Amino acid sequence: MNDLRRIIWLASYPKSGNTWMRSLLAHYFMPKGQAPDINHLSQFTTGDIRQDFFDRAAGRVYRGKTYEDWMAVRPTALRMIAASKPSHHFVKTHCQPIRILGKDVIPAEVTAAAIYMMRNPFDLAPSFARHQDCDLDTAIDRMMDPDMSSGTDTGIFEALGRWDDHVQTWTTAPGLPRHVVRYEDMLRRGEREMTRLLEKFLRVKVDKAQLAYALRETSFDALKKQESEAGFRERPPHMQSFFARGQAGVWRDDLTPAQVGRIREAFMPVLEKWYPEMLEETAEYAGAA
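Here is a short report on the structure shown in this document. (Residues numbered from 1 in each chain as written. Predicted model: local features only at pLDDT ≥ 70, side-chain atom pairs only at ≥ 80, totals over all residues. Heavy atoms only, no water.)

1. Section: the overall build of the chain
Applied cut-off: Think of it this way: any DSSP run of H or I at least four residues long counts as a helix, any run of E at least two long counts as a strand, and we number them from the N terminus. Partly exposed residues are those whose accessible area sits between 20% and 50% of the maximum for their type, while under 20% is buried and over 50% is exposed, using a 1.4 Å probe and protein chains only. We call two residues in contact whenever any of their non-hydrogen atoms come within 4.5 Å of each other. Accessible surface area values rest on a Shrake-Rupley calculation with a 1.4 Å probe, where residue burial reflects the displayed protein chains alone.
Along the backbone of the chain there are 13 helices and 9 strands. Taken over 289 residues, the chain has a buried fraction of 54%. Sequence separation of 24 or more characterises 72% of the internal contacts of the chain that already satisfy a separation of 6 or more. Of the roughly 13,300 Å² of accessible surface on the chain, a fraction of 49% belongs to carbon and sulfur atoms.

Quick look at the structure:
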């Protein structure tokens, strides 16, 4: 049997920069002028909720209602996704690498490595609220829900879980070659972060001119312009725009002290490890409640 360990997962909690990273990698690896726009990223990469793969895996038009339905088909669909290209390729996921009903959601047999995009939960919450079409307190509740999931209307699920569990499972999964990219670091020093990713993790010699081009073509303003001109197929129907602000620090304007305090209390161990620079300011802000 052929080795199917070909998938390099592009993993993240929703609204943490996954689309940005997919577009950036496409513009870096593909010849100038040939990289797809945001509505055709499947020409470069794919995702683990592709209906056509689930249809093929099920041997019919897939329609599921439960995790049992989903996990009965997902392993075969993932093997088909892995086999769809002859070597390593990128696949988007919002799932945690956990076991459900005795099966791995992210199976080792199709996994080569993972790039994990992370965004601080204070800035994530307002963006997640827009994505979920709910108020901020409800969005924070969902980020704290171990059973939180999303997915398609055909029953292809995304097992999100809690934000902190999502971070923990991806950054500590045993035996998984991984590279972690913080959204905030990409905003501040994208060239340095991408150079680290390409050289040290993907073992690719960096073409500085190509990287500069990729960063320029996938700036937040460039992606927002694409959406304004042609829409974005992955945008939930209720959202006015998928690319809203794309900034760091919006939590200072969007969250109340009580909401900041809730996020700190719920996610403190992960914040201490991954966002220690935010602890003092958020503590002072929460103390104003």
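2. Focus: the environment of Ala-58
Relative to the helices and strands, Ala-58 is located in helix α2 (residues 51-58). In the structure, Ala-58 is positioned 18 residues away from Thr-76 in sequence and 8.3 Å away in space, judged by C-alpha atoms.

3. Some words on the pairing of strand β3 (residues 89-93)
Cut-off, in case you're wondering: When DSSP finds two or more bridges between two strands, those strands count as paired.
Among the 5 residues that make up β3, 5 are buried, leaving the element largely enclosed by the rest of the structure. The side-chain alternation of β3 yields two buried faces, one formed by His-89, Val-91 and Thr-93 and the other by Phe-90 and Lys-92. As paired elements, strand β1 (residues 7-12) and β3 share 5 bridges and run parallel to each other. Its bridge partner lying in β3, Ile-8 is registered against Phe-90. Pairing geometry for strand β2 (residues 46-47) and β3, over 2 bridges, is parallel. Bridging from a neighbouring strand, Gly-47 pairs with Lys-92 of β3.

4. Focus: the packing of helix α12 (residues 257-274) against helix α13 (residues 279-286)
Helix-helix packing is characterised by the crossing angle of the two axes and by the distance between the axes. What counts here: Orientation is described by axes fitted as lines to C-alpha atoms, over the contacting stretch for helices, and by angles from 0 to 180 degrees between their N-to-C directions. The labels follow the angle: roughly parallel below 35 degrees, roughly antiparallel above 145, roughly perpendicular from 65 to 115, and oblique for the rest. Take the far helix as your reference; a near helix turned counterclockwise from it by less than a right angle gives a left-handed crossing, and one turned clockwise gives a right-handed crossing. Only Asp, Glu, Lys and Arg are considered charged, only Ala, Val, Leu, Ile, Met, Phe, Trp, Tyr, Cys and Pro nonpolar, and every remaining residue, Gly among them, polar.
Following both chains from N to C, one finds α12 and α13 inclined at 150 degrees, their axes separated by 9 Å at the closest point. Taken together, the axis directions place α12 and α13 in an arrangement best described as roughly antiparallel. Of the two elements, α12 crosses α13, and the hand of that crossing is left-handed. Mapping the contact onto sequence places Pro-257, Val-260, Gly-261, Arg-264, Met-268, Leu-271 and Glu-272 in α12 and Leu-279, Thr-282, Ala-283, Tyr-285 and Ala-286 in α13. Split into classes, the residues belonging to the contact of α12 with α13 amount to 8 nonpolar, 2 polar and 2 charged.

5. Re the pairing of β1
The element β1 is extensively covered by neighbouring structure, given that 6 of its 6 residues are classed as buried. Residues Ile-7, Trp-9 and Ala-11 of β1 are buried on one face, and the alternating residues Ile-8, Leu-10 and Ser-12, pointing to the opposite face, are buried as well. Two strands pair when backbone bridges link them, and β1 and strand β6 (residues 111-118) are joined in this way by 6 bridges, in the parallel orientation. Looking at β6, one finds that Ala-11 is bridged to Tyr-116.

6. Quick look at the packing of aromatic side chains
We apply this condition: Side-chain rings of Phe, Tyr and Trp (the six-membered ring for Trp) are treated as a pair once their centres are within 6.5 Å; stacked means planes under 30 degrees apart, edge-to-face means over 60, and tilted covers the remaining angles.
Counting across every chain of the model gives 12 aromatic pairs. Relative to Tyr-62, the ring of Phe-54 has its centre 5.4 Å away and its plane inclined at 55 degrees; by these criteria the two rings are tilted. Take Phe-54: its relative accessible area is 1%, and that puts it in the buried class. Take Tyr-62: its relative accessible area is 1%, and that puts it in the buried class. Ring centres of Phe-122 and Trp-251 lie 5.8 Å apart, and the angle between their planes is 45 degrees; this geometry places the pair in the tilted category. In this pair, Phe-122 sits in helix α4 (residues 121-132) while Trp-251 sits in helix α11 (residues 251-254), placing the two residues 129 residues apart along the sequence.

7. Things to note about the layout of surface pockets
Quick note on the threshold: Points on a 1 Å grid, built from protein atoms alone, make a cavity when a 1.4 Å probe fits but cannot get out and make a pocket when they are open with protein on both sides within 12 Å along at least 5 of 7 lines; residues with an atom within 4 Å of a point are the lining residues. Grid points are joined across faces, edges and corners, and a volume is the space filled by probe spheres set on the points.
In this structure, the second largest pocket spans a volume of roughly 320 Å³. In terms of lining residues, the second largest pocket is bounded by 16 residues, among which Ile-106, Ala-108, Ala-173, Pro-174 and Leu-176 are the most central. Residue classes in the lining of the second largest pocket are distributed as 11 nonpolar, 2 polar and 3 charged.

8. Considerations on helix α5 (residues 136-143)
Spacing of three or four residues puts side chains on the same side of an α-helix, whose turn is 3.6 residues. Here is the rule we go by: What the arc measures is the spread of directions leading from the helix axis to the C-beta atoms. Any pair of nitrogen or oxygen atoms within 3.5 Å is treated as a polar contact; in protein, a donor-acceptor pairing is required on top of that, and neighbouring residues in sequence qualify only through side-chain atoms on both sides.
Along α5, the positions that sit buried rather than exposed are Leu-136, Ala-139, Ile-140 and Met-143. Seen along its axis, α5 keeps its buried residues to an arc of 100 degrees; they face one direction. On its buried face, α5 is in contact with α4, α6 (163-172), α11 and α12. If you check the start of α5, you find a side-chain oxygen 3.1 Å away from the backbone N of Asp-137, and it comes from Asp-135.

9. Re the nonpolar core
If you look at soluble globular proteins, the nonpolar side chains tend to sit buried side by side. For the record, the criterion: Buried Ala, Val, Leu, Ile, Met, Phe, Trp, Tyr and Cys residues that are joined via side-chain atoms within 4.5 Å together make up what is termed a nonpolar core.
Core analysis: the largest hydrophobic core is formed by 58 residues, its most contacted members being Trp-9, Trp-70 and Trp-163. In this structure, Trp-20, Tyr-28, Leu-198 and Leu-211 belong to the second largest nonpolar core, which totals 25 residues.

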